[in-house]
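# Observations on the model geometry
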Amino acid sequence: MSAHQPIAKGLSFVHIPKNAGTSIKQAIADNRLPILVSGHPYPRKLSEEEIVVLRCPIARFISAFNYGCKYWPSP
């Protein structure tokens with residue numbers, strides 16, 4: 001099997017950092033949806049069809065900056 005071949009039928013969610021991943025993963029779990037979840041490293045497709053959430057690039061940058069300031073402060 002090639003690294004680029006999907007390994008399952010159905011849907012998978014590709015989590016892009018700072019793009020509602022936590023909320024989407026929680027909704028999938030809460031509703032017991034048959035959707036595979038890919039974490040930040042994305043080595044290959046998990047399924048035939050993928051769901052990706054994108055957000056405004058400026059809002060994403062601000063969110064990532066604030067997250068970095070909170071968890072990796074620098075003097």
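Up top is the structure.
Before going into details, it helps to say that this report is about the structure given with it. Positions within a chain are numbered from 1, following the residues in the order the chain's sequence is written. At least 70 in pLDDT is required for a residue's local features to be given in this predicted model, at least 80 for side-chain atom pairs to be given and counted, and no such filter applies to totals for whole chains, interfaces and linings, which use all residues. With hydrogens and water excluded, all non-hydrogen atoms of the structure serve as input to the side-chain values.

Regular strands place side chains that alternate from one sheet face to the opposite one. As paired elements, strand β1 (residues 11-14) and strand β2 (residues 35-38) share 4 bridges and run parallel to each other. The residue of β2 that forms the bridge with Phe13 is Val37. Two strands pair under a simple rule: DSSP has to find at least two bridges between them. By the criteria applied, helices consist of DSSP H or I runs no shorter than four residues and strands consist of E runs no shorter than two, each listed in order from the N terminus.

On the question of chirality, the crossover connecting β1 to the parallel β2 by way of helix α1 (residues 21-30) is right-handed. Across 4 bridges, β1 lies against strand β3 (residues 49-52) in parallel orientation. Note on β3: the bridge partner recorded for Ser12 is Glu50. We call a crossover right-handed when, viewed with both strands directed away from the observer, the connection leading from the first strand over the helix to the second proceeds clockwise.

The strands making up a sheet associate through backbone hydrogen bonding, with each pair oriented either parallel or antiparallel. If you trace the 3 strands from one edge of the open sheet to the other, you get β2-β1-β3, paired in parallel fashion. Two strands bound the open sheet, and with one partner strand each, they are β2 and β3. The mean inter-strand angle of the sheet, taken between neighbouring strand axes irrespective of direction, is 30 degrees. Working rule for contacts: check all heavy atoms of both residues, and any pair within 4.5 Å makes them a contact. An axis is simply a line fitted to the C-alpha atoms; with a helix, the fit covers only the stretch in contact. Between two such axes, the angle follows the N-to-C directions and lies from 0 to 180 degrees. Here α1 sits on the sheet and contacts β1 and β2; the angle it forms with β1, its principal contact strand, is near 155 degrees.

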